[in-house]
Amino acid sequence: MNSSSDTPPDAEPDTEPDTAPDEPGPGPYQAVLDQVAPRLRRLRAARGLTLAALSEETGISKSTLSRLESGGRRPSLELLLPLAGAYGVPLDDLVGAPEVGDPRVRLTPHPLPSGGTFVPLTRTPGPLQAYKMIITDRGSEPDHRTHEGYEWLYVLNGRLRLVLAEHDLVLGPGEVAEFDTRLPHWFTSADGRPVEILSLFGRQGERMHVRAKPR
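Residues numbered from 1 in each chain as written. Predicted model: local features only at pLDDT ≥ 70, side-chain atom pairs only at ≥ 80, totals over all residues. Heavy atoms only, no water.

Chemist: Sorry, what's going on with the overall build of the protein chain here?
Modeler: Counting secondary structure elements, the protein chain contains six helices and nine strands. Here the protein chain, with 215 residues, has 31% of them falling under the buried criterion. A fraction of 61% describes how many contacts in the protein chain between residues 6 or more apart in sequence connect residues 24 or more apart. When the accessible area of the protein chain is evaluated, it comes to approximately 13800 Å², of which 54% is carbon and sulfur surface. (Helix = DSSP H or I, 4+ residues; strand = E, 2+ residues; numbered from the N terminus. Buried < 20%, exposed > 50% of the residue type's maximum accessible area, 1.4 Å probe, protein only. Contact = heavy atoms within 4.5 Å. Areas by Shrake-Rupley, 256 points an atom, 1.4 Å probe, with all protein chains shown as cover.)

What follows is the structure, encoded as structure tokens:
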């Protein structure tokens, strides 16, 4: 190769300043940027690559690669992207991006006085509250309750027996019941095995509306 082709088009002269006048100076991410250079050195050593071989694969000049690994050159996206491709790692592995916080929501189960467990799913006060319930066998003799409100029940798993006023119903997975809780009501497992349900409870007059698809 002649001397005119040794430097790829995107390579910059070694005399160019690392930070342009209009670029921000060190900020809260400086500590992250400071770790890029040693991370690049470790990756190249682990792959057993020379600067010349890495330069040929990425199109970045050896001098630029050397300055990146020594911390003399600020890493930029246009330099890190081909390096991530050459090393076969995500870009986050090069810059050490902060980990995303744990997305899990830790919910606390509570016992139901009449048998079973409930877990509050709503984390803020409001007119509608959501719960997941696991209902066990409460016997066969209904113990009717009445109170202000409106309830919507969705069976996730198992079979639920719902006694509502003069109605005695059995609901399976995917079935829904909606009723005014001023009516005498009671529910239990229909077959002696635990049944999982979702419950939405609202104040009197606030009904839950469920649509299978938009109009």
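Chemist: How should I be thinking about the packing of helix α3 (residues 51-58) against helix α5 (residues 77-87) in this particular structure?
Modeler: Pairs of packed helices are described in terms of their axes, by the angle between the two and the distance that separates them. Interhelical geometry of α3 versus α5 gives an angle of 110° and a closest axis separation of 10 Å. In terms of axis orientation, α3 runs roughly perpendicular to α5. Touching Leu54, Glu57 and Thr58 of α3 are Pro82, Leu83, Ala86 and Tyr87, all from α5. Looking at side-chain class alone, the contact of α3 with α5 contains five nonpolar, one polar and one charged residues. (Axes fitted to C-alpha atoms, helices over the stretch in contact; angles between N-to-C directions. Parallel < 35°, antiparallel > 145°, perpendicular 65-115°, else oblique. Nonpolar A, V, L, I, M, F, W, Y, C, P; charged D, E, K, R; others polar.)

Chemist: Explain the sheet that holds strand β2 (residues 116-120) here, please?
Modeler: Here six strands make up an open sheet; going across it, the order is β1-β2-β3-β9-β4-β7 and the pairing antiparallel. Of all strands in the sheet, those bounded by a partner on one side alone are β1 (110-111) and β7 (176-180). The pairing of strand β4 (residues 150-157) with strand β9 (residues 195-202) spans seven bridges and is classified as antiparallel. Along β9, the bridge assignment pairs Tyr154 with Leu198. (Pairing = 2+ DSSP bridges.)

Chemist: What is the right way to look at the pairing of β2 in this model?
Modeler: Looking along a regular strand, one sees the side chains alternate between the two faces of the sheet. Pairing geometry for β1 and β2, over two bridges, is antiparallel. Note on β2: the bridge partner recorded for Pro111 is Thr117. What sits between the antiparallel neighbours β1 and β2 is a turn of four residues, in which Gly115 has the positive phi angle 110°. The sheet contact formed by β2 and strand β3 (residues 128-135) spans five bridges and is antiparallel. Bridge assignment links Pro120 to a residue of β3, and that residue is Tyr131.

Chemist: Would you mind going over the pairing of β3 with me for this structure?
Modeler: Across eight bridges, the pairing between β3 and β9 is antiparallel. Considered in β9, the bridge of Gln129 is made with Phe201.

Chemist: For this particular structure, what's the right way to read the packing of aromatic side chains?
Modeler: Tallied over the entire structure, the rule returns two aromatic pairs. Between Phe118 and Tyr131 the ring centres are 5.9 Å apart and the planes differ by 70°, which places this aromatic pair in the edge-to-face class. Taken together, the residues span a long stretch of sequence, with Phe118 in strand β2 and Tyr131 in strand β3 at a distance of 13 residues. Overall, Tyr131 belongs to the partly exposed group, its relative accessible area being 21%. Consider the rings of Trp152 and Tyr154, whose centres lie 6.1 Å apart with planes at 10°: the pair is stacked. Accessibility expressed as a relative area gives 11% for Trp152, which makes it buried. (Phe/Tyr/Trp six-rings, centres within 6.5 Å; stacked < 30°, edge-to-face > 60°.)

Chemist: Please clarify how the sheet that holds strand β5 (residues 160-164) should be interpreted in this entry.
Modeler: Hydrogen bonds between backbone atoms are what pair the strands of a sheet, whose relative direction is either parallel or antiparallel. Ordered by their spatial adjacency, three strands build an open sheet running β6-β5-β8, and the pairing between neighbours is antiparallel. Every interior strand has two partners, whereas the edge strands, β6 (167-171) and β8 (185-189), have only one. Looking at each pair of strands side by side, their axes are set apart by 20° on average, direction ignored. When β5 meets β8, the two strands line up antiparallel, connected through five bridges. The partner of Arg161 across the bridge, within β8, is Thr188.

Chemist: For this particular structure, what's the right way to read the packing of α3 against helix α4 (residues 62-70)?
Modeler: Two elements in contact, α3 and α4, have axes whose closest approach is 9 Å; the angle formed by their N-to-C orientations is 110°. Looking at the two axes, α3 sits roughly perpendicular to α4. The way α3 lies across α4 gives a crossing that is right-handed. For the pair α3 and α4, contact is made by Leu51, Ala52, Leu54 and Ser55 and by Lys62, Leu65, Ser66 and Glu69, respectively. Across the contact of α3 with α4, the residue classes tally to four nonpolar, two polar and two charged. (Left-handed = near helix turned anticlockwise from the far one by under 90°.)

Geometric values such as these leave the question of function open.
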